[in-house]
Amino acid sequence: MTPPTPHPVRVTLRVAAGDAERDAAIEDWLRPAAPVDRPQRPVVIAEGMLFDRLGPQGTPLIGLTAGCPCCTGRVALRVTLGRTLRSRRPDAILLLTAHAGHLPRLRALLQQDGLGVRIEVEG
């Protein structure tokens, strides 16, 4: 018997270099175009954060500290994403990185099959 296909998790990629940019990106992401667009269980994974905490509007912020998520921190990204998917069961994730130049590679990593969940990447 095949396991059921998990519901897709929408992952939005954005660049935010500092605290102010991070908070602005989160607020913008949580501001829906229509009420139906608002994630019910949003989670933010942010590169460079040392501690997990609550962000704007009580959104969980999960730190990703082991270097660039697409270069030196690929394992950290996979582990953090896997733990977050299992423990929080989000319907949407905002993944914040500090460098725009890494977005294409990060997008390609997220679209690989080995993560155990279907991911729709936007941004």
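Just so it is clear, the model here is predicted, and its values are computed rather than measured. (Residues numbered from 1 in each chain as written. Predicted model: local features only at pLDDT ≥ 70, side-chain atom pairs only at ≥ 80, totals over all residues. Heavy atoms only, no water.)

**With respect to the pattern of salt bridges**
What the rule picks out here adds up to three salt bridges. With a shortest N-O distance of 3.7 Å, D23 and R22 are connected by a salt bridge. Among the ionic contacts, a cluster of salt bridges with common partners joins D19, R22 and D23. (Salt bridge = Lys/Arg side-chain N within 4 Å of Asp/Glu carboxyl O.)

**So, helix α3 (residues 103–110)**
Along α3, the positions that sit buried rather than exposed are L103, L106, L109 and L110. The arc enclosing the buried residues of α3, seen along the axis, measures out at 120°, which places them on a common side. (Buried < 20%, exposed > 50% of the residue type's maximum accessible area, 1.4 Å probe, protein only. Helix = DSSP H or I, 4+ residues; strand = E, 2+ residues; numbered from the N terminus. Arc of directions from axis to C-beta.)

**Topic: the pairing of strand β2 (residues 42–47)**
Counting buried residues in β2 gives six out of six residues, a clear majority hidden from the surface. In terms of strand pairing, β2 meets strand β5 (residues 92–97) through five bridges, oriented parallel. Bridging from a neighbouring strand, I45 pairs with L95 of β5. Examined bridge by bridge, β2 and strand β4 (residues 60–64) share four bridges and lie parallel to one another. Bridge assignment links I45 to a residue of β4, and that residue is I62. (Pairing = 2+ DSSP bridges.)

**Regarding the side chain of R22**
Among the structural elements, R22 can be located in helix α1 (residues 19–30). Apart from the residues within four sequence positions on either side, R22 is in contact with A16, A46, M49, R53, L61 and L96. (Contact = heavy atoms within 4.5 Å.)

**Remarks on the nonpolar core**
By size, the foremost hydrophobic cluster in this structure holds 20 residues, and its most contacted members are V11, L13, I45, L81, I93 and L95. When contributions to this core are tallied by element, the ones reaching two or more residues are β1 (9–15), β2, β4, α2 (74–88), β5 and α3. Judged by nonpolar contacts, the second largest core, of twelve residues, contains A16, I26, L30 and L61. (Core = buried A, V, L, I, M, F, W, Y, C linked by side-chain atoms within 4.5 Å.)

**Remarks on the confidence of the model for the chain**
When pLDDT is averaged along the chain, the result is 80; 79% of the residues meet or exceed 70. Ignoring residues within four places in sequence, the model shows residues 1–5, a span with pLDDT below 50, making one contact including any to other chains. (pLDDT = per-residue confidence, 0-100.)

**As for unusual backbone geometry**
Excluding glycine, residues mostly have negative phi values, and the peptide bonds linking residues are mostly trans. The phi angle at R89 is positive, at roughly 45°, despite the residue not being glycine. Residue R89 is classed as exposed on the basis of its relative accessible area, which comes to 58%.

**A word on the environment of G67**
Looking at the element boundaries, G67 is found in the loop between β4 and α2. Judged by relative accessible area, G67 falls into the partly exposed class, the value being 31%. Distance from G67 to G48, taken between C-alpha atoms, is 7.5 Å for residues 19 residues apart in sequence.

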